[in-house]
Structure formats: structure tokens, C-alpha cells
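# Architecture and fold: a report
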2 protein chains.
Amino acid sequence: LKSLLNCMNTITILGAGRSATAMINYLQKCCEKYHWNLVVCDADPELAKAKAGQSSRTSGIGLDATNEEQRGAVIRGSDIVVSMLPPWLHLLVVKDCLRYHKHLINASYVSPEIMSLDAEAKAAGILFLCEMGLDPGIDHMSAMKIFHEIWEKGGKVLSFRSHTGGLIAPESDDNPWHYKFSWNPRNVVLAAKSGGRYLQDGTVKYIPYQRIFEQTMPVEVHGEGLFESYANRDSISYIDKYGLNDIQTIFRGTLRKPGFCKAWNALIKIGLTDEVLPISESVQKTYGQLITSLLPDAQGTLAAKVAKLLGESPDSDVISRLEWLGLFSDHLVSPQASTPADALEQLLLEKWSLKADDKDMIVMHHEIDYLLEGKQKGLTSSLVCKGSDSVDTAMSKLVGLPMAIFIKDFMLNGCTLTGLHIPVSPEIYIPVLKELEEAGIIFQDQHF
Amino acid sequence: LKSLLNCMNTITILGAGRSATAMINYLQKCCEKYHWNLVVCDADPELAKAKAGQSSRTSGIGLDATNEEQRGAVIRGSDIVVSMLPPWLHLLVVKDCLRYHKHLINASYVSPEIMSLDAEAKAAGILFLCEMGLDPGIDHMSAMKIFHEIWEKGGKVLSFRSHTGGLIAPESDDNPWHYKFSWNPRNVVLAAKSGGRYLQDGTVKYIPYQRIFEQTMPVEVHGEGLFESYANRDSISYIDKYGLNDIQTIFRGTLRKPGFCKAWNALIKIGLTDEVLPISESVQKTYGQLITSLLPDAQGTLAAKVAKLLGESPDSDVISRLEWLGLFSDHLVSPQASTPADALEQLLLEKWSLKADDKDMIVMHHEIDYLLEGKQKGLTSSLVCKGSDSVDTAMSKLVGLPMAIFIKDFMLNGCTLTGLHIPVSPEIYIPVLKELEEAGIIFQDQHF
């Protein structure tokens, strides 16, 4: 095995955007130390070169990931491929990795298409490790470490609720939504579109999109105060993946500061997250006119009409948040906005972008109930991590480091797993969580 | 021209489902009279043969429309092709028609992809006539006839509202929803998913899906009583197509009996029209359990919980309609249902299917305001048409006859139009409306 591993020396990263920075920096140092090569590819060759920097072990190249020939050439020359591309491009990369027998790592949710390639990957003796970022990623690893400890003591997990939010640190929080973008704004605008599914006290619960920001759960994180959590996709699919066969409650949620979800739900009700309605008319319009077009007929000011639609008072917190965004103003909607979701995204980019010195903040909070020696016990495990500024963000660190650390460990020590995996095995999570801890990324536990 | 026309002798119909019956019967008689040939194709060869019947001029053949070779062979041998296939297959047929220079007729909305082939069709000297059924179809033709009459007198159209419903005749109406399926049930379940857009008193209005069944308009049809109308797709795109440049109001709507829309909106709010939530669990469940899974936690009976979610009284009309459907019952959800929309469709198929002797009913109602010699005038024009039974439906007649009559006229007299069209020109609508009138399909006008 060691001799095989010695042959592995080229790591390729596809996509050099904001969330790749911490990973590139980490792997660059590894490459210098161990004499490996790092190839950083991006649609923008200048960005790829800038991110690659001056290291003799790292090269930055322009790559059109939709171009089969270019993509194939880069992947053929790699040993491990990291895809930081948008999810719809993953499948192309995965198929190339199958063809050329290369290992693949990414931080995205496993799609059914990629899931179906498990057996082929196994037969080829290669590893596809997905969901290896923050959430999904660190949440899987830190929770599985707790489950394994409970199981080793002979305990049984009864309930698992896990919440993660990419938020803004209190010292940089200067807006009434208490939120700024630390990752893809489009994904925030379209969040939760496919609804949510979870298990509560033995009953399967579905939440359709139009109610997902209404049915939130309060979450208190020690030292950080109160948050609210809305259902994050399909939690039930993790019962098998985690091996929690007899569990009664499983809920994965996304954290926001209190009041965010009610106000976001107002945007949904008005229709501003709609990505199909055509709004590009020949005449350019203001946000006030866009909202007027979306509202049923009513009397009064625009704020009063919106309040009526929502069943809110015109001086409510929800209305003042909408007003702060500029939704009732004469601010012009860009002619490029072809749906309400486009127009909303553009407005939010002006209002919710990190300033140069702003610090983002990641909060992850697990709540676990388990049975041990006939007694029911509780445990919370929380992680809070702040960024340094708008470039060196907590988001970039916590999404990128798990992949980077795993890759280093894989290159040095190998991995017995082949086929499609998410990081639930001790073989994967032990070295990664250990090194994250050494870097100060530490969970605080409370037992009761 | 006449000699060219004499060469045209083969009409091909792709798709022999329920709504093709009246068209096949009509064209079969034409083919016998004029010595043309009719080819009826369907994925089900038995259905194609049965619909083709015993006429020596008509043949029925099995065809997999997704098979390029089979499809190409049939289209190459035709002069005019009618596509009654599902909309996603139209583009394949249209491209073959371009390749082999064949005319194409269908009853579906023009997609942007088909729209983009207008110039190529014109260059090839062929006609693509779309939206040539009931709605879209007869609505375009009957409205354009009125507009042309107003314009000829020097008048100006101020407002146009047009409503159409495929409903159940009062004598066959035996359910509290006052509705049964006379066309594709899937389309009814997913109706209005892309929201609505219209113009009202000079203001563009958008309605997102989650409010489209709330913002309905009452419509009184002389002799038929009261209906309600919800926005049908994008009405604004018809301003240019109809040539109504200075119009202040344009609204195309779908008619239902009063109370339907409020109760349908309840299904949307519960999440039953959702087509992404995965509901196929390992354990089979009842409709009552499905609804419980979709509801937020609350006290009381299932009906009481639903009433609470909707802000309705448990003895309201809405709740009794939901109860009549069996949504609170122990009736089992089919294991094939993988989303709430699937489960709803299966339940509605049991409840809303036409019985053998049931008569369906089409109601179309135009409301037009116009300016003539300085005075504002009003006009309503209404069509009511009932089917004979569950096979010989008004829907099949009114969708199929416009295409059939046009094809006969085209074969006998030609058409000066080439490229992509919808039926707004007198050259198309005059002969079709005339023959529909002779068949008893007559609009009643009221002036005021």
C-alpha cells in the first residue's frame, strides 16, 4: 500500500472561489512539505493563478469545466480531485473520475445520480467522499463521534437534533435582520425550496416550502443566546446513514437569529422568492412598483398593503425589516432581473454583503437524548467559530479544512474505503476532528 | 397552388388519447370524401387501431414518439402532422417537421423553444399552427373576430377579460366540489404552478402560485349562474399577439364553480400539490397519516387541526369538501405515490372521474370594454357546450374540431401563412368559427 501511496502526488481543485481559499492555503503548505503538486483550476484563469500564488508546488490554470476535453485532461493528470464546482457540474466530474480511476472529494449533498455510481466506484477501487464540508460535513463527523461513544458504553440514541448557521458575528452585526452573506447568495434566496422532512416522536413530518419558515424551533446555544432553526432538507435519509435505527426524533435545521424566519416568510408570501414569474417588462421599474404588482388590490400606503396581506401591523418588526431592505422604495430594479428572485437577490447583495473587516460566525449545535443503563440522559455539543475578516471567513475555513485535512491524511496513510461515502466512519472523522481541534475548532459539551 | 395542394394527401395524428377522438372521427369522414389518407399513431398500437376503425382511408399504427427513426419515418410520409403528444415531446416533432418540410398543428401553448424556430419554418415555407384547440384556441379565434369587428368600425378595445372552464354539466354534478376531470388529471393537480401575470387598469400584476387560488374574480355567465376565475398563466404576452397595443386591462382566467378555489387553496396550503417532498416511506400509510405528517403540531381531531392551519371553522364548507375527498380517512395511499401531488392525484381520480353517462360542460366567457365614437361600450360573448357522455365529451369536441376543420380547409384551399402562428388571423378563424357554428357551437353576445 505504501508504495502505491508514494505514487500519488497530484491534488487538483476544481473551482477557486471564496470557499476554496482556506483549503488551498492548507494544501499548499502540505505540498511544499511532502513534495506533492497542487493544481488549482477555475473558469477565471486570473483567479486560479492568484489563488495558486508563488509556491513552486502549485499551479493555477483556467478551465471550462463543461468542456469535456479540458476537464478530462486535468482529471487524467490528478490523483485526487476536489470539486468545488456548482452542484450541477459534479456529475460530469464524477463520471470522469470513474473513467480515469481518480478519487473525488466534495462538500455537496449526494445526488441520486451520484449515489447510483457507488458500485462502479467500488469496482474501480476508488473513493468518492461527499458531504465533507461544514454542513454537511463537520456535523456528520462530530455527531458520529458522539454516537460511537454512546454505543461503546452500551447506550441507545433516542433523539438527535442538529442545527447549523452561517451567521454574522455580534461585533459586525449592524442590520435588523442580524444576517449577512458568507456563502452563495442565490442559495440563500432559494433556500428550502424543496421543503423539509424529519422524524418527531416516531412520526414522519413533511413541511412544504410555503410553511418551512413558519414552523421553526427555538434553539438556545450556551453563551450565544437564542436562535431559531428551520428544517434543512430531508433529515430522515440520515437515519440509515448514521445507523440510528430505532431513533424516535431526527431533525437537521438551519439557524438564524430570532425574527429572521418570520420576516423571510413574508418575502415568500409576497412572492419575492419566486423564480418563475416573468417580471422583465419593457419599462424599468422600482422596487415599490414591483411590490405593488405582486400585491392584491388594497387601500393605503405600500407598507399598509403589505401589512394587510401578511396580517401584520404596519409598525411590526416584519414590516420594518422589509422597509429597511428598500422594498417600498424608488430604488430601481435592474433590467437584468427576470424573476422576483433575481430582483430580491440583487437587493440583498447591496444590503447583506460583508464589509472588508466584517467577521462572519458559524454556530453548530447538536442536541442528543440517549438511554444509558436504563436512564435517559441529555447532551448538547456546540461549536462557535468566527472569521478574521471578509476574506478569511469562518465559512471558508470550516468548509475547506475538513477536505484538506482528509486529503493530507489520505495521501500519507491511505484509506481502506472505496465507493461512495459520507464522513461517518471513525477512519475518516478521527484524524480530521483531531486536527480541527488543534486548530482551535472545538466543540463544547454539556451533559444533563 | 392548386396543383401543389393536390399533392397533399396524408394527414398524420400523433397521440390517439381521449381528446383526439372527435378530431379523428371528423378527419376520417373528410378522407373518405376527398380521397386523403389518415394515419393515427399511438404508443399503444391497439388503441391506434381501435381509433382508426374500419375505414379504408385510415390506418392505426403503434409509435414510440421518442424513437427518432420511427418518428422520422412517419413524419416523412405525411403532409400535415398533428401532435397530440404531451408538451415535452412537441419539440422533437417540430424539429422533424422542419427537417422534412411538413406542416404541423397542435393545441398546446407555444414554448420559447418552438417560438425560436419561427424564422426557420418561414424559410422552409411551412406552417406551424399552435394553440389551435379550445383554450388556447377557440378563445383566440372568437375574441379576434370581435376585435376585428370593433376595429373595422373605428373603435378601440379598452379591456379584455376571457375565462374558460372545463366543468361538469349541472345534470351530472353530484359532488360538493362541482367538478370532474374532462382532461389530464395531472395538469389539474399541478395547475397554475408557474403563477399568473396580467394587466389591470394599466398596472402589471403578478400572482405567485401560493396566492393564485385566493385572488379570484367572480364571473356571471348568462343562464349559467356564478363562477369564479383564477389567473391563467401569462395574459400579458397576448397584448402583442392580439394587437391590443393601448389596452388597459387584459386577463385570461380559468373558471370553476364558487367555492372550488378556496378549497383548492386549502390543498395547496396543506402541501398536497407539492411534487418534490418525498413521501414514500417503507411503511404504507393512510391519507389521514399523510395529512398528519404534513400538519404542524396541534390538538384535536385531524379535521380540527386542518381547520386551525387554514383559519377555518371545523364545520366550514372548505373542511367538508376536504372530508368528502377522504383526506381524513383510513383509505390507503398507494405505495407508488412518491410525492403529495401523486397521492392527491390518485385520490381525485377515484372521486372526480366521469361516470359512463356523465356529461361534461365547457363554459367560455369574454368580457370586452371598448370605445366607439367617444362612448364606452361593453360586450360579453359566451359559449356553453355540453358533452354527450364520458367518451363523446365537449372537451374532446372543442379541442379537436378547430384543428380538424382547419386541416380540411388547408387541404382544400391552402393557407398563405408560413412560419409559427397562433389562430388570430381571419384567414384561419373565419372558416373554423363558421363551421363550428354550423355544428351548434355558438357564442351568445350581450351588448350594454
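Before reading further, recall that the structure is shown in the block above.
These numbers were taken from a predicted model, which means no experiment stands behind them.

### A closer look at the overall build of chain A
Summing up its helical and strand segments, chain A has 18 helices and 16 strands in all. For chain A, the C-alpha atoms occupy an extent of roughly 80 × 60 × 40 Å along the three principal directions. By residue count, 58% of the 448 residues in chain A fall in the buried class. Sequence-distant contacts in chain A: of pairs separated by 6 or more residues, those separated by 24 or more amount to 70%.

### Some thoughts on the sheet that holds strand β15 (residues 419–421) of chain B
Residue and element names in this part refer to chain B. Taken together, the 7 strands give an open sheet; going across it, the order is β3-β2-β1-β4-β5-β6-β15, and neighbouring strands pair in parallel fashion. Each edge of the open sheet carries a strand with a single partner, namely β3 (58–62) and β15. Strand-to-strand, the axes of this sheet are offset by a mean angle of 15°, without reference to chain direction. In this structure, strand β6 (residues 127–129) lies alongside β15, joined through 3 bridges in parallel fashion. When the sheet's bridge partners are listed, Leu129 is paired in β15 with His421. Most of the contacts of helix α2 (residues 21–34) go to strand β2 (residues 37–42), to which it runs at about 155°, and overall it touches β1 (10–14), β2, β3 and β4 (80–83).

### With respect to the interface of chain B and chain A
Contacts between the two partners involve 37 residues from chain B, matched on the other side by 37 residues from chain A. Of the roughly 2700 Å² buried between chain B and chain A, counting both surfaces, carbon and sulfur atoms make up 49%. It is Tyr206, Arg211 and Ser293 of chain B in chain B that bury the most area against chain A; as a group they hold 25% of the surface buried on that side. For Lys205 of chain A, the salt bridge identified is with Asp297 of chain B, shortest N-O distance 3.5 Å. Linking chain B with chain A are 24 residue pairs in polar contact (both at pLDDT 80 or more). Counting only elements with at least two residues in the side of chain B that touches chain A, the list comes to β8 (196–200), β9 (203–207), α10 (209–212), α12 (260–270) and α13 (287–294) of chain B. Ranked by residue count, the leading element in the side of chain B that touches chain A is β9 of chain B, at 5 residues. For the side of chain B that touches chain A, the per-class residue count stands at 17 nonpolar, 10 polar and 10 charged.

### Section: the packing of aromatic side chains
All names here are of chain A. By the definition in use, this model includes 38 aromatic pairs over all chains. With 5.9 Å between their ring centres and 5° between their planes, Phe260 and Trp264 make a pair best called stacked. In this pair, Phe260 and Trp264 are both assigned in helix α12 (residues 260–270), 4 residues apart and thus about one turn of the helix distant. Feature note: the residues Trp177, Tyr179, Phe181, Phe213, Tyr230, Phe260, Trp264 and Trp352 constitute an aromatic cluster, connected by ring pairs.

### Structural notes on the nonpolar core
Trp177, Phe213, Trp264, Leu322, Leu327 and Trp352 of chain A together with Phe406 of chain B are the most contacted members of the largest nonpolar core, which has 157 residues in total. At 12 residues, the largest contribution of residues to this core is made by helix α17 (residues 394–413) of chain B. Those residues in contact with Trp177 of chain A that sit more than four places away from it in its chain are Phe260, Ala263, Trp264, Leu267, Arg321, Leu322, Trp324, Leu325 and Trp352 of chain A.

### Thoughts on the pattern of salt bridges
Residue and element names in this part refer to chain A. Summed over all chains, the structure comprises 40 salt bridges over all chains. Arg252 serves as the salt-bridge partner of Asp135, at 2.8 Å between the closest nitrogen and oxygen. One end of the pair, Asp135, is in the loop between β6 (127–129) and α8 (138–152); the other, Arg252, is in strand β12 (residues 249–256), with 117 residues separating them in the sequence. Judged by its relative accessible area of 22%, Asp135 falls in the partly exposed class. For Arg252, a relative accessible area of 2% gives the class buried. Among the salt bridges present, the one from Glu435 reaches Lys408, with a minimum N-O distance of 2.9 Å. Placement of Glu435 in helix α18 (residues 426–438) and of Lys408 in helix α17 (residues 394–413) is noted, with a sequence separation of 27 residues between them. Both residues of the pair, Glu435 and Lys408, count as buried. A cluster of three or more residues bridged by salt bridges with shared partners is formed by Glu68, Arg71, Asp96 and Arg99.

### Points about the environment of Val94 of chain B
Residues and elements named next belong to chain B. Turning to its location among the elements, Val94 is positioned in helix α5 (residues 87–100). Remark: the alpha-carbon pair of Val94 and Phe443, spanning 349 residues in sequence, is separated by 33 Å. Once you skip the residues sitting within four places of it in the chain, Val94 turns out to touch Leu104, Ile114, Leu117 and Phe128.

### Considerations on the side chain of Ser159 of chain B
Residue and element names in this part refer to chain B. Within the fold, Ser159 resides in strand β7 (residues 156–168). Overall, the relative accessible area of 8% leaves Ser159 in the buried class. Leave out the neighbours within four places in its chain, and Ser159 touches Ile247, Thr249, Glu367, Ile368 and Asp369.

### Side note on helix α5 (residues 87–100) of chain A
For α5 of chain A, spanning 14 residues, the distance from its first C-alpha to its last is 21 Å, which sits close to the expected 20 Å at 1.5 Å a residue. Backbone geometry just after α5 of chain A places His101 of chain A at a positive phi near 55°.

### A word on helix α2 (residues 21–34) of chain A
Residues and elements named next belong to chain A. For α2, with 14 residues, the first-to-last C-alpha span of 20 Å sits near the 20 Å given by 1.5 Å per residue. Those residues of α2 not exposed but buried are Thr21, Ala22, Met23, Ile24, Tyr26, Leu27, Gln28, Cys30 and Cys31. Directly beyond the C-terminal end of α2, a positive phi value near 60° is found at His35.

### Topic: the sheet that holds strand β2 (residues 37–42) of chain A
Residues and elements named next belong to chain A. One open sheet holds the 7 strands; their spatial order is β3-β2-β1-β4-β5-β6-β15, and the pairing between them is parallel. The sheet terminates laterally at β3 (58–62) and β15 (419–421), the two strands that pair on one side only. Pairs of neighbouring strands in the sheet enclose a mean axial angle of 15°, with direction left out of account. Where strand β4 (residues 80–83) lies against strand β5 (residues 103–106), 4 bridges are found, and the strand directions are parallel. Bridge assignment links Val82 to a residue of β5, and that residue is Ile105. Relative to the sheet, α5 contacts β1 (10–14), β4, β5 and β6, its axis offset from that of β5 by approximately 160°.

### A word on the relation of the copies chain B and chain A
Of the two same-sequence chains, chain B is brought onto chain A (RMSD 0.0 Å, axial shift 0.1 Å) by a rotation of 180°. The superposition of one copy onto the other is thereby described by a two-fold rotation axis. If distances are taken from each C-alpha of chain B to the rotation axis, the shortest is found for Gln210 of chain B, at 3.7 Å.

Conventions and cut-offs
- Here, residues in each chain are numbered from 1, in the same order as that chain's written sequence.
- Ligands are numbered from 1 and chains lettered from A, in the order in which they are written.
- The predicted nature of this model means local features are confined to residues of pLDDT at least 70 and side-chain atom pairs, given and counted, to a pLDDT of 80 or more, with totals for whole chains, interfaces and linings taken over all residues.
- Heavy atoms throughout the structure, all of them, feed into the side-chain values; hydrogens and water do not.
- The secondary structure listing takes helices from DSSP runs of H or I that are at least 4 residues long and strands from runs of E that are at least 2 residues long, numbered from the N terminus.
- Whether a residue is buried, partly exposed or exposed follows from its accessible area with a 1.4 Å probe, protein chains only, as a fraction of its type maximum: under 20%, in between, or over 50%, in that order.
- In what follows, a contact means two residues having at least one pair of non-hydrogen atoms within 4.5 Å.
- Paired strands are those between which DSSP finds at least two bridges.
- Structural elements are reduced to axes, namely lines fitted to C-alpha atoms, with helices fitted over the stretch in contact, and the angle between N-to-C directions of any two is expressed from 0 to 180 degrees.
- A quick way to say it: buried area is the sum, across both parts, of accessible area lost when two parts are put together, with a 1.4 Å probe.
- A carboxyl oxygen of Asp or Glu within 4 Å of a side-chain nitrogen of Lys or Arg is what we treat as a salt bridge.
- Identification of polar contacts relies on pairs of N or O atoms within 3.5 Å, with a donor-acceptor requirement for protein atoms, meaning one able to donate a hydrogen and the other able to accept it, and with residues adjacent in sequence counted only if both atoms are side-chain atoms.
- All residues other than Ala, Val, Leu, Ile, Met, Phe, Trp, Tyr, Cys, Pro, Asp, Glu, Lys and Arg, Gly among them, are scored as polar; the first ten of these are nonpolar and the last four charged.
- Centres within 6.5 Å make a pair out of two Phe, Tyr or Trp rings, where for Trp the six-membered ring is used; the pair is then stacked when the planes are under 30 degrees apart, edge-to-face when over 60, and tilted otherwise.
- What makes a nonpolar core is a set of buried Ala, Val, Leu, Ile, Met, Phe, Trp, Tyr and Cys residues whose side-chain atoms join them at distances within 4.5 Å.
- Expected span of a helix, by definition, is 1.5 Å for each gap between consecutive residues, and there is one gap fewer than residues.
- Here the copies were fitted onto each other by least squares, based on C-alpha atoms from residues at pLDDT of at least 70 in both.

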